[in-house]
Amino acid sequence: GAVVSQHPSRVICKSGTSVKIECRSLDFQATTMFWYRQFPKQSLMLMATSNEGSKATYEQGVEKDKFLINHASLTLSTLTVTSAHPEDSSFYICSAIMGSTEAFFGQGTRLTVV
Amino acid sequence: AQSVTQLDSHVSVSEGTPVLLRCNYSSSYSPSLFWYVQHPNKGLQLLLKYTSAATLVKGINGFEAEFKKSETSFHLTKPSAHMSDAAEYFCVVSYNNAGNMLTFGGGTRLMVKP
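Residues numbered from 1 in each chain as written. Chains lettered and ligands numbered in written order. Predicted model: local features only at pLDDT ≥ 70, side-chain atom pairs only at ≥ 80, totals over all residues. Heavy atoms only, no water.

Peer 1: A description of the side chain of Ser50 of chain A should follow, citing residues and the corresponding values.
Peer 2: Residues and elements named next belong to chain A. Along the chain, the position of Ser50 falls in strand E5 (residues 44-51). Residue Ser50 is classed as buried on the basis of its relative accessible area of 1%. A distance of 2.8 Å separates a polar atom in the side chain of Ser50 from a polar atom in the side chain of His71. Setting aside its immediate chain neighbours within four residues, Ser50 contacts Thr31, Thr32, Met33, Ala56, Ile69, His71 and Ser77. (Helix = DSSP H or I, 4+ residues; strand = E, 2+ residues; numbered from the N terminus. Buried < 20%, exposed > 50% of the residue type's maximum accessible area, 1.4 Å probe, protein only. Polar contact = N/O pair within 3.5 Å; in protein donor to acceptor, adjacent residues only side chain to side chain. Contact = heavy atoms within 4.5 Å.)

Peer 1: Mind laying out the pairing of strand E6 (residues 44-50) of chain B, listing which residues take part and the relevant values?
Peer 2: Residues and elements named next belong to chain B. Pairing of strand E5 (residues 32-38) with E6, which is carried by six bridges, proceeds in the antiparallel orientation. Bridging from a neighbouring strand, Gln38 pairs with Leu44 of E6. In sequence, E5 turns back onto E6 through a hairpin of five residues, with Asn41 there showing a positive phi of about 55 degrees. (Pairing = 2+ DSSP bridges.)

Peer 1: Kindly report on the packing of aromatic side chains, identifying the contributing residues and their values.
Peer 2: Summed over all chains, the structure comprises 12 aromatic pairs over all chains. A centroid spacing of 5.8 Å and a plane angle of 25 degrees characterise the contact between Tyr25 of chain B and Phe67 of chain B, whose relative ring orientation is stacked. In this pair, Tyr25 of chain B is assigned in strand E4 (residues 23-26) and Phe67 of chain B in strand E8 (residues 64-68), connecting sequence segments 42 residues apart. Residue classification places Tyr25 of chain B among the buried residues on the basis of a relative accessible area of 8%. On the accessibility criterion, Phe67 of chain B (9% relative accessible area) is buried. Here the aromatic cluster, defined as three or more aromatic residues joined through ring pairs, consists of Tyr36 and Phe105 of chain A together with Phe34, Tyr36, Phe90 and Phe104 of chain B. (Phe/Tyr/Trp six-rings, centres within 6.5 Å; stacked < 30°, edge-to-face > 60°.)

Here it is as structure tokens:
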């Protein structure tokens, strides 16, 4: 199957700083990427849908000014958590699709804000 | 609207015994259904998918699932559990055959005892 790579896999940052998470489709061009958040022992919650070259579509309740998404190319989407706080600590997962294919998931990023 | 209910949050089996993870769905459309597995601090790996072809779907690692429209179910089974099967399993529904715009079930944690 297609490969989606997320980086970093783990990050610890200080409260008030920003952190960027990258999601790359390694062997295909992703027309759409999705960002999910997963709290401990819970399911994945869709945060936003990102289409290459256009603004991301955020789900209800997700602050777009806090979670900045950029999808500048067909192989890269980034999620920037701005002015991070401890409550932003979570597991963030991206997925990517090419046209109408199934979704391929990254390995996730564990964010800890201290 | 679509939704997915995984009936058991935790399932514990002994190694070598059968596995049954239950999933019921509701969808206003002909659904595509997926099972994903997530090992600790890892992304999601697709086990199998149903997209209106054969109702009995065989996946990787010996898993299979049967789509039963009359029962709106898509239960995941495996004849003999292995220690490496211990993980979190997600049943997922999509309202189109493309597999994007996924709705996740709450997850089932499978524990395998030696």
